[in-house]
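An overview of the molecular structure
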Amino acid sequence: MRSFPKVIALIAGALLSVGLTSCGDKPAPAPTPKTTQAPAPQSAPAGSVNLSIATGGTGGVYYPLGGGMANVFSKTIPGMTATAEVTGGSVDNMRLIGSGKPYIALTQ
């Protein structure tokens, strides 16, 4: 379990670099759901974790990025269910970090 933070850092770094290098002139398609959640594992271990990724509005760049991160985390980390959440933006995301709930926040 010691390598858990390293796995998250590696996945987050890879997704961020892919997201930043794919920025272009064409707009991203607007997602239709308010929350993107990967399917939960069929049998979660006793130490399961629910992780929320605070993204911003559905029309921004961070929402699809957070949805992708949630899918990767949920599929690759045993016992984790990650969800991308729509928020009011960077300031709200930083407030959520202080709430004590397991959050990853995307800010600028």
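Relevant structure appears above.
Keep in mind that this is a model prediction, so the values were computed, not measured.

Things to note about the pairing of strand S3 (residues 80–86)
- Counting buried positions along S3 gives five out of seven residues, so the element sits mostly inside the fold.
- Pairing between strand S2 (residues 49–56) and S3: seven bridges, direction parallel. Within the sheet, the bridge partner assigned to asparagine 50 lies in S3 and is threonine 81.
- Considered for its hand, the β-α-β crossover made up of S2, helix H2 (residues 62–76) and S3 is right-handed.

A short note on H2
- Given a rise of 1.5 Å per residue, 15 residues ought to cover 21 Å, and the 21 Å separating the end C-alpha atoms of H2 matches this to within 8%.
- Three or more residues of H2 are buried, namely Tyr63, Leu65, Gly66, Gly67, Met69, Ala70, Phe73 and Ser74.

Comments concerning the side chain of threonine 87
- Inspection of the secondary structure puts threonine 87 in the loop between S3 and helix H3 (90–97).
- Classification of threonine 87 as buried rests on a relative accessible area of 14%.
- Looking at threonine 87, its side chain comes within polar contact range of the main-chain nitrogen of glycine 56, at 3.1 Å.
- Once residues within four sequence positions are removed from consideration, threonine 87 is found in contact with Ala54, Thr55, Gly56, Gly57, Asp92, Asn93 and Leu96.

Criteria and cut-off values
Residues numbered from 1 in each chain as written. Predicted model: local features only at pLDDT ≥ 70, side-chain atom pairs only at ≥ 80, totals over all residues. Heavy atoms only, no water. Buried < 20%, exposed > 50% of the residue type's maximum accessible area, 1.4 Å probe, protein only. Helix = DSSP H or I, 4+ residues; strand = E, 2+ residues; numbered from the N terminus. Pairing = 2+ DSSP bridges. Right-handed = clockwise from strand over helix to strand, strands pointing away. Expected span 1.5 Å × (residues − 1). Polar contact = N/O pair within 3.5 Å; in protein donor to acceptor, adjacent residues only side chain to side chain. Contact = heavy atoms within 4.5 Å.

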